[in-house]
Each structure stands twice: as structure tokens, then as C-alpha cells.
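# An overview of the molecular structure
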Amino acid sequence: MTHTHFIFPPAVLLVLLALLGGTPAAARDAGVAEGVTKKELSVEPLAGDATKQVVTDFYRFPPGTVLPWHIHPGAHEVSYVLSGEMILEVEGEDPRHLKAGESFYLHPDKIHRGLNQGSEPVELFVVRIKPVDQPLAEDVEPPKTER
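Residues numbered from 1 in each chain as written. Predicted model: local features only at pLDDT ≥ 70, side-chain atom pairs only at ≥ 80, totals over all residues. Heavy atoms only, no water.

### Overview of the packing of aromatic side chains
- According to the stated counting rule, one finds 1 aromatic pair in the structure shown.
- Aromatic pair Tyr59 and Phe61: ring centres 6.0 Å apart, planes at 20°, arrangement stacked.
- A relative accessible area of 5% places Tyr59 in the buried class. (Phe/Tyr/Trp six-rings, centres within 6.5 Å; stacked < 30°, edge-to-face > 60°. Buried < 20%, exposed > 50% of the residue type's maximum accessible area, 1.4 Å probe, protein only.)

Now the structure itself:
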């Protein structure tokens, strides 16, 4: 009896993972932690400004997730909590406890991170308006008050 083994190129595996509900974001994106899944929903040019784009993503953070401190270079971010509860820490602000049905806005280049200290996953819908020539996220050193 002969066994045939299939070896998929990495690009095919990423497509298969995306079709199954997202890819492990930590393997390719700054600003995320191990176990986080991300599904890119759309990337479209911003009307009237060819230097910017609108990016929409879905994220799922398992319980215990602590995202690294990061920024979104030049990007405005609006996030909506679909399910679960999370803590949002933003440099220079008090931590915010956010629940399903709540949203938040982050100014460009604002140092921040998210934490899921609950027992249920957190799911976020995120819209970013970002410069075309900048990465979606960039890991940074913790704020001075965190060191």
C-alpha cells in the first residue's frame, strides 16, 4: 500500500487557516500575543486620500492574553468589543475596563496594550485609518511608568 503525503507551501497554509476562521496573528504581526487570532476583513483606499487606507480586522484574544505594548504608526483606531471583557491600558491614562457593546478610539502613535484577564475570549472588530507606507503595528518599549 502506497501513502501519498501532501506538503503545502506556507502561503497555502495561511489561506487554509484564514478560511477556517483566522490566522495566528503572533506569527506575523507586531502588537499581538501568542494564541491571538486575526482575520483581515478588508483593506481599501481612503476616499480622497491615496496616501491612506482603511483596514478592518477581527481579533480573538483567549483568556490570559496580554498584548505587548505597541503603537499603530500614524493610524487612527476605532475598536468595538463584540464579546468578553478586557482592560485597555493607554500611556498617560487610567486603565479602562471594557465590556461587550463598548468601543474605544486611539489617536495615532498612542502607546497602548490590551489584556484579557477574564475566563472568556475577547472578540474585537477594529477599524484603522492608516498611512499606506506604514506597518499596521509596531512593538514599543513599555511606558516609563511600567518599567
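The discussion continues.
### Thoughts on the side chain of Thr56
- Looking at where Thr56 falls in the secondary structure, it is placed in strand β3 (residues 49-61).
- For Thr56, a relative accessible area of 11% translates into the label buried.
- A polar atom in the side chain of Thr56 sits 2.6 Å from the side chain of Ser42.
- Here Thr56 is in contact with Lys39, Glu40, Leu41, Ser42, Phe125, Val126 and Val127, once residues within four sequence places are set aside. (Helix = DSSP H or I, 4+ residues; strand = E, 2+ residues; numbered from the N terminus. Polar contact = N/O pair within 3.5 Å; in protein donor to acceptor, adjacent residues only side chain to side chain. Contact = heavy atoms within 4.5 Å.)

### Brief notes about the pairing of strand β8 (residues 103-106)
- Alternating residues of β8 divide into Phe104 and Leu106, all buried, and Ser103 and Tyr105, none buried.
- Note that strand β5 (residues 76-83) and β8 share 4 bridges and pair antiparallel. For Glu77, the partnering residue across the bridge sits in β8 and is Leu106. (Pairing = 2+ DSSP bridges.)

### What to know about the pattern of salt bridges
- In this structure the tally under the stated criterion is 5 salt bridges.
- We note a salt bridge from Lys52 to Asp49, for which the minimum N-O separation is 3.6 Å.
- A relative accessible area of 29% means that Lys52 is categorised as partly exposed.
- The partly exposed category is assigned to Asp49, whose relative accessible area is 23%.
- The residue Glu89 makes a salt bridge to Arg113 at a minimum N-O spacing of 2.6 Å. Of this pair, Glu89 sits in strand β6 (residues 85-90) while Arg113 sits in strand β9 (residues 112-115), placing them 24 residues apart in sequence. Of the two residues, Glu89 and Arg113, neither departs from the other in class, the shared state being buried. (Salt bridge = Lys/Arg side-chain N within 4 Å of Asp/Glu carboxyl O.)

What is shown is where atoms sit, not what they do.
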